[in-house]
Amino acid sequence: MSTFDSLNPATGAVVATFPVDDDGAVAAAVDRAREAAAWWDGLGFDGRLRRLLAFKHAVVAGLDELARLMREETGKPVDDSRLEVMAAVEHIDWAARNAQRVLRKRSVRPGVLGANLAASVEYQPLGVVGVIGPWNYPVFTPMGSIAYALAAGNAVVFKPSEYSTAVGSWLVEAFHRAVPELPVLQLVTGLGATGSALCRSGVSKLAFTGSTATGKKVMAACAETLTPVVIEAGGKDAAIIAADADVRAAAQDVAFGAWGNAGQTCIGMERAYVEAPVYDEFVAELRRIAGTVTAGPGDADRIGPLTMPSQPSTVLRHIQAALADGGRAVAGGEESVAPPFVKPVILLDVPEDSEAVREETFGPTLTVTRVGSVAEAVEKSNAGVYGLGSAVYSRDLGKAGAIARRVRAGMTSINSVMSFALVPALPFGGTGDSGFGRIHGADGLREFARPHSVARQRFPLPVPVLSFRREAWQVRLMGRLVTLVHGRRR
Ligand code: NDP
């Protein structure tokens, strides 16, 4: 059996070794999951709630241990790791506690033609959900699919990224301790081919989080078996800073959004559009903050290494493209890239058609662009192919809300950065090349359920509408009734 090593990105030390699961191993896991799914569904909302809360407790009890493992395997600072686990815990709790309210059977009005019917809809589990996750938020991100899929009554087969498999394995073991009866949540390990096998394994739905390029491959593989997908892909999120914003607070937020987690955040800030009157102040404050954000392996360093060995070269390419296209660096530059670490970089005057503005960088760089108006900021913000998160800064909340509505993105935070991700009730997802479908919130629960509509005849209609016994005069009679109800303009 072939294996692969998961490495500490700061030191290169082996964290753990895992098997490369082939098609057969993945198929076997999905088979086991089918059995577990039937049992899990049979537990009902209450039985699942109890067990999901036990899982939540297991994660909370192991929070520090898990955070240290995240640090070791992805390089993320321990406090960032702790916060990530806390955010994931809130989602497990919300999904568990709200599943029944959102998914239980409810009656709907039958309408005029269905006046003799009792109509209801119920959200049933899909069966087995495949979850493929990235490494950058190795707990929060996959849990956005796993917790909601489980709460909706499905079993899950989870393939974590090869760069965060030890963290994925910790989560699955914690679940087994809380739910020892059957393998309701299973782990499959390996590289891209294992993920591809999961796409082709006959799961009822595949929830993918990762890059847009891999998302397209996942969709193509799932298309072979008409397996539905949720695609949570990359972003190039922008912050819009209006002239009346609290500029210092905005700079603090945008700096964290851009450079936190070494810029490896799907909803991180990669672009800022700033109205001219506050542009200089915003840039000056950002530069000041950039000087305080150290990148390195120490516990006191604010950002750790880039997790994927190939990523520093992408970041360097984007910095070089920005400079070659006429931009200038006012904090850091090419020299900021010292693999596996990259220090914060601020790029000004980068043309909108530069690769550095159009493509997801996934490193601690930020382009800052002076704009003449909020309308120009919105237009530039919306010009790219992605549409994941966004941030709007203005002291006028009515204006900020109006700007947010015009931003083409799945999510917007106002006078804060990435805050929507902390609210479990808010659906999370994007548009365009950022993907489709939603995790989190009621939409996230319904994403992993099959609406089942039932119309029950309470009594036979005197006019048999859906029958060959129907006569022409009866249809005319029905027409008169419909005209009476719907014929008025209001
Ligand atoms: P990748 O697309 O490289 O990988 C994502 C997952 O897909 C990994 O588990 C990977 O396995 C697996 N995979 C790779 N090839 C295939 C294949 N052919 N078929 C099926 N699965 C495959 O993304 P990263 O892990 O590098 O994550 C970073 C990306 O994720 C960024 O673009 C980021 O924006 C995005 N992201 C989006 C989020 C969102 O919610 N919208 C949240 C977090 C990140 P392996 O690692 O073993 O190759």
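Calculation rules
Residues numbered from 1 in each chain as written. Predicted model: local features only at pLDDT ≥ 70, side-chain atom pairs only at ≥ 80, totals over all residues. Heavy atoms only, no water. Helix = DSSP H or I, 4+ residues; strand = E, 2+ residues; numbered from the N terminus. Buried < 20%, exposed > 50% of the residue type's maximum accessible area, 1.4 Å probe, protein only. Contact = heavy atoms within 4.5 Å. Areas by Shrake-Rupley, 256 points an atom, 1.4 Å probe, with all protein chains shown as cover. Lys, Arg positive; Asp, Glu negative; His and termini not counted. Charge placed at Lys NZ, Arg CZ, Asp CG, Glu CD. Salt bridge = Lys/Arg side-chain N within 4 Å of Asp/Glu carboxyl O. Polar contact = N/O pair within 3.5 Å; in protein donor to acceptor, adjacent residues only side chain to side chain. Expected span 1.5 Å × (residues − 1). Patch = residues over 30% accessible without salt bridge, like charges linked within 9 Å, V, L, I, M, F, W, Y side chains within 5 Å. Pairing = 2+ DSSP bridges. UniProt positions renumbered as here; feature names shortened; annotations may be inferred. Axes fitted to C-alpha atoms, helices over the stretch in contact; angles between N-to-C directions. Parallel < 35°, antiparallel > 145°, perpendicular 65-115°, else oblique. Left-handed = near helix turned anticlockwise from the far one by under 90°.

Caption draft 1: View of the overall build of the protein chain. The number of helices and strands found in the protein chain is 16 helices and 22 strands. Viewed in the frame of its principal axes, the protein chain has a C-alpha envelope of about 80 × 60 × 40 Å. Out of the 490 residues in the protein chain, the part that is buried amounts to 55%. Of all intrachain contacts in the protein chain linking residues separated by at least 6 positions in sequence, the fraction that spans at least 24 positions is 71%. Surface accessibility of the protein chain: about 21000 Å² in total, with carbon and sulfur atoms responsible for 54%. Considering the protein chain, the positive charge centre built from 51 side chains and the negative charge centre built from 50 side chains are found 13 Å apart.

Caption draft 2: Structural detail: the side chain of Asp301. Along the chain, the position of Asp301 falls in the loop between α10 (276–290) and α11 (311–324). Buried and unpaired, Asp301 has no salt bridge, with Arg71 as the nearest side chain of opposite charge at 6.1 Å. Within the local environment of Asp301, its side chain forms a polar contact with the side chain of Thr294, the two groups lying 3.1 Å apart. In terms of polar contacts, Asp301 uses its side chain to reach the backbone amide nitrogen of Gly298, at 2.7 Å. Apart from the residues lying within four places of it in its own chain, the contact partners of Asp301 are Pro77, Thr294, Ala295 and Gly296.

Caption draft 3: Molecular detail of α11. Compared with an ideal rise of 1.5 Å per residue, which puts 14 residues at 20 Å, α11 spans 20 Å between its outermost C-alpha atoms and is within 8% of the ideal. Taken together, the buried residues of α11 touch β13 (337–338), β14 (341–342), β15 (345–348), α12 (355–358) and β16 (365–371).

Caption draft 4: Quick peek at the pattern of salt bridges. Under the definition given, this model contains 19 salt bridges. As a salt-bridge pair, Arg71 and Asp299 come within 3.7 Å of each other at their nearest N and O atoms. Pair noted here: Arg71 is in helix α3 (residues 63–74) and Asp299 is in the loop between α10 and α11, with a separation of 228 residues, a long-range link. Judged by its relative accessible area of 74%, Asp299 is exposed.

Caption draft 5: Highlighting a positive patch on the surface. On the surface, Arg101, Arg104, Arg106 and Arg446 cluster together into a patch of positive charge. On the secondary structure map, Arg446 appears in helix α15 (residues 441–447). Residue classification places Arg446 among the partly exposed positions, given a relative accessible area of 34%.

Caption draft 6: Layout of the pairing of strand β4 (residues 117–125). Both strand β3 (residues 106–108) and β4 contribute to a ladder of 3 bridges, which runs antiparallel. Bridge pairing links Ser107 to Ser120 in β4. Where β4 lies against strand β22 (residues 449–457), 9 bridges are found, and the strand directions are antiparallel. Note on β22: the bridge partner recorded for Leu117 is Gln457.

Caption draft 7: Spotlight on the UniProt feature "active site" (unreviewed entry) in the protein chain. Mapped onto this numbering, the UniProt entry gives "active site" (unreviewed entry) at Glu232. As for its placement among the helices and strands, Glu232 is situated in strand β9 (residues 229–232).

Caption draft 8: Representation of the packing of helix α4 (residues 78–103) against helix α5 (residues 140–151). Interaxial distance between α4 and α5 falls to 9 Å at its minimum, and their mutual angle equals 15 degrees. In terms of orientation, α4 and α5 fall into the roughly parallel class. Handedness of the crossing formed by α4 with α5: right-handed. Touching Glu84, Ala87, Ala88, His91, Ile92, Trp94, Ala95, Ala96 and Ala99 of α4 are Phe140, Met143, Ala147, Tyr148 and Ala151, all from α5.

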